[in-house]
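# Working through the structure, step by step
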Amino acid sequence: MLRRFDRSIPQPDRTTRAAIGPGQPLQAADNKDNDKKEGGGAGSGTDTIVRPKIKPKTQRPSLYRVLLLNDDYTPMEFVVLVLQDVFNKSREDAMQIMLHVHNKGVGECGIYPYEVAETKVARVMDTARKNQHPLQCVMEKQ
Ligand code: TYC
């Protein structure tokens, strides 16, 4: 007679190493019912493998690059002041970033969580508009 937990019969709901994933411990269930009904238990080969409780990982916020775009009209000094004021850059770093944008067309001002990046972009765009400069600032998911 075939036994319910005969190893030769594939068990569809049996958890395997592949299903749990590497590094997760396999646990043998305390199969008291089976033990009683089927006469299983230690050494009988009838222990069922159960999924361990997997702790959900803490989610890290997505990061966004804030980029400054070059144009032909915004004064270099204005861009340097924006970089110092909005992105807290030193005068030297601000000058370097501004020149990079001027020469390459685009440059990174910083990398921030979504809402911080959004606020910085808005501050740059507001101050540019108020001063009637066409300076553009954008953000992109890293
Ligand atoms: N290209 C501008 C000029 O020659 C300077 C500039 C630099 C403008 C960086 C925008 O993001 C910018 N006046």
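Now for a quick tour of the structure.

Criteria and cut-off values
- Residues numbered from 1 in each chain as written.
- Predicted model: local features only at pLDDT ≥ 70, side-chain atom pairs only at ≥ 80, totals over all residues.
- Heavy atoms only, no water.
- Helix = DSSP H or I, 4+ residues; strand = E, 2+ residues; numbered from the N terminus.
- Buried < 20%, exposed > 50% of the residue type's maximum accessible area, 1.4 Å probe, protein only.
- Contact = heavy atoms within 4.5 Å.
- Areas by Shrake-Rupley, 256 points an atom, 1.4 Å probe, with all protein chains shown as cover.
- Lys, Arg positive; Asp, Glu negative; His and termini not counted.
- Salt bridge = Lys/Arg side-chain N within 4 Å of Asp/Glu carboxyl O.
- Polar contact = N/O pair within 3.5 Å; in protein donor to acceptor, adjacent residues only side chain to side chain.

### Section: the overall build of the protein
For the protein, the helix and strand inventory stands at 5 helices and 5 strands. N-terminal to C-terminal, the α/β element order of the protein is α-β-α-β-β-α-α-β-α-β. Per-residue burial for the protein yields a buried fraction of 27% across its 142 residues. Relative to all contacts within the protein whose residues are 6 or more apart in sequence, the contacts with residues 24 or more apart total 63%. Of the roughly 10,200 Å² that the protein leaves accessible, carbon and sulfur atoms contribute 52%.

### As for the side chain of K120
Relative to the elements of secondary structure, K120 occurs in helix α5 (residues 114–130). Put simply, K120 is tucked away with no salt bridge, and the nearest opposite charge, on D85, sits 9.2 Å away. For K120, the side chain forms a polar contact with the main-chain oxygen of V86, separated by 2.9 Å. Ignoring sequence-local partners within four residues, the contact set of K120 consists of V86, F87, N88 and Y112.

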